[in-house]
Amino acid sequence: MNFNDMSIFVTIYETRSINKSSKILQYAQSNLSARLKVLETELDTKLFYRKYNGLVPTESGGLFYQFCKETSNNLEKLKKKCETSKISILISELLFNHDINNSQTIDLDKSEINIRKTSDIPIIAHQEEFDKIFCFQKIENLKHYDETIGHVESVYAYSSIIKATEEMPIFVNKDKNCPFRKQSLMKFAHLKSVVEIDSFENIISLVENGKGIALLPKWLNKRANIKPYDQDIILIPFYQYEKQNQIK
């Protein structure tokens, strides 16, 4: 028995047809029938009944299918562990920029970065495994991770090349779960027009070009064309999750 035969069996089981499996796998029907016969001989059991409308798995066929699926999943996990020693990281665009420009805890050469929207991160964190997760939202019921809380020092900013006016709009991220958006709306929603932008970098660019103001990380003040709109420093909390040392 080999992994290829197990893969062939899974396709036949899921299609209930040698003909359909032949088209999917690009094998001759006779080859698939022969491989299925080899499996039945090795297992000393019948895996399918042939009916007029296709194949019907036997009880043994159902059990062998579950075994093949579990074995396939374990093989994929093993391949991933053998292929790379890089640290897998799930992070939002803004927190990625914050780390690179400020705290610098991420080693780019040794990391596999997955940048996603803040609102998507909790869902993905429960679907896939990562070595580290950075998120502005607290992720509930995340098992086998150590949680720490950090803060991004932030200020309202505008362009240093023009004079600020009351008519300037406030830029916010389209992501409803973005904490910078929530803070901005609490302070300015009743005072200024609000413009939603789908990218952190686009917001910075608009601010630099004097199109409006936005709540931005304080470290961005180092950029020549950005300066504080007021003196308020706002601490935006974020959560960092690190996989505990254990066999995944």
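Residue numbers run consecutively from 1 along every chain, following the written order of its sequence. Thresholds applied to this predicted model are a pLDDT of at least 70 for local features of residues and 80 or more for the giving and counting of side-chain atom pairs; totals over whole chains, interfaces and linings are not thresholded and use all residues. Working from all heavy atoms in the structure, the side-chain values ignore hydrogens and water.

How big an interface is tends to be stated in terms of the accessible area lost upon association of its parts. Domains assigned within the protein are domain 1 (3-82), domain 2 (87-145) and domain 3 (152-240). When checking whether two residues touch, look at their non-hydrogen atoms; a contact exists if any pair is within 4.5 Å. Across the boundary between the two partners, domain 2 contributes 17 residues, which contact 16 residues of domain 3. The buried area of a pairing is the accessible area, by a 1.4 Å probe, that goes missing from both parts when the two are put together, added over both. Surface buried jointly by domain 2 and domain 3 totals about 1,600 Å² across both partners, of which 64% is contributed by carbon and sulfur atoms. Contact with domain 3 buries surface across domain 2, with Leu 94, His 98 and Phe 136 losing the most and accounting together for 35% of the total. In protein, a polar contact means a hydrogen-donor-capable atom and an acceptor-capable atom, both N or O and within 3.5 Å, with residues adjacent in sequence counting only if both atoms are side-chain atoms; elsewhere, any N or O pair within 3.5 Å suffices. In this structure, the connection of domain 2 to domain 3 is made through five residue pairs in polar contact (both at pLDDT 80 or more). Per-element tally for the side of domain 2 that touches domain 3: the top contributor is helix 5 (residues 93-103), with seven residues. Of the residues assigned to the side of domain 2 that touches domain 3, the class counts are six nonpolar, seven polar and four charged. Start and end points for every domain follow an automatic or database-based domain assignment. Each helix is a run of H or I in the DSSP string that is no shorter than four residues. Each strand is a run of E no shorter than two, and both are numbered from the N terminus. Only Asp, Glu, Lys and Arg are considered charged, only Ala, Val, Leu, Ile, Met, Phe, Trp, Tyr, Cys and Pro nonpolar, and every remaining residue, Gly among them, polar.

The next point concerns the environment of Asn 209. With respect to the secondary-structure elements, Asn 209 resides in the loop between helix 8 (200-208) and strand 9 (214-217). Its relative accessible area of 48% is what places Asn 209 among the partly exposed residues. Linking Asn 209 and Ser 159, residues 50 residues apart in sequence, is a C-alpha distance of 6.3 Å. From its side chain, Asn 209 meets the backbone oxygen of Ser 205 in a polar contact 2.7 Å long. Any residue under 20% of the maximum accessible area for its type is buried, any over 50% is exposed, and the rest in between are partly exposed; the area is computed with a 1.4 Å probe on protein chains only.

This next bit is on the confidence of the model for the protein. Known as pLDDT, the predictor's per-residue confidence is scaled from 0 to 100. In the predicted model, the protein carries a mean pLDDT of 89, and the fraction of residues at 70 or more is 97%. No element of the protein has a lower mean pLDDT than helix 4 (residues 59-83), at 86, and none a higher one than strand 5 (residues 132-135), at 96.

Unlike most non-glycine residues, Gln 26 shows phi in positive territory, near 65°. Its place among the elements puts Gln 26 in the loop between helix 2 (18-25) and helix 3 (29-43).

A side-chain nitrogen of Lys or Arg and a carboxyl oxygen of Asp or Glu constitute a salt bridge if their distance falls within 4 Å. Applying the stated criterion to the full structure yields eight salt bridges. A salt bridge links Lys 138 to Glu 147, with the nearest nitrogen and oxygen atoms 2.9 Å apart. Judged by its relative accessible area of 40%, Lys 138 is partly exposed. Look at Glu 147 and you get partly exposed, because its relative accessible area is 34%. A salt bridge links Arg 181 to Glu 196, with the nearest nitrogen and oxygen atoms 2.8 Å apart. One end of the pair, Arg 181, is in helix 7 (residues 179-188); the other, Glu 196, is in strand 8 (residues 194-197), and 15 residues separate them in sequence. On the basis of relative accessibility, which here comes to 9%, the residue Arg 181 falls in the buried class.

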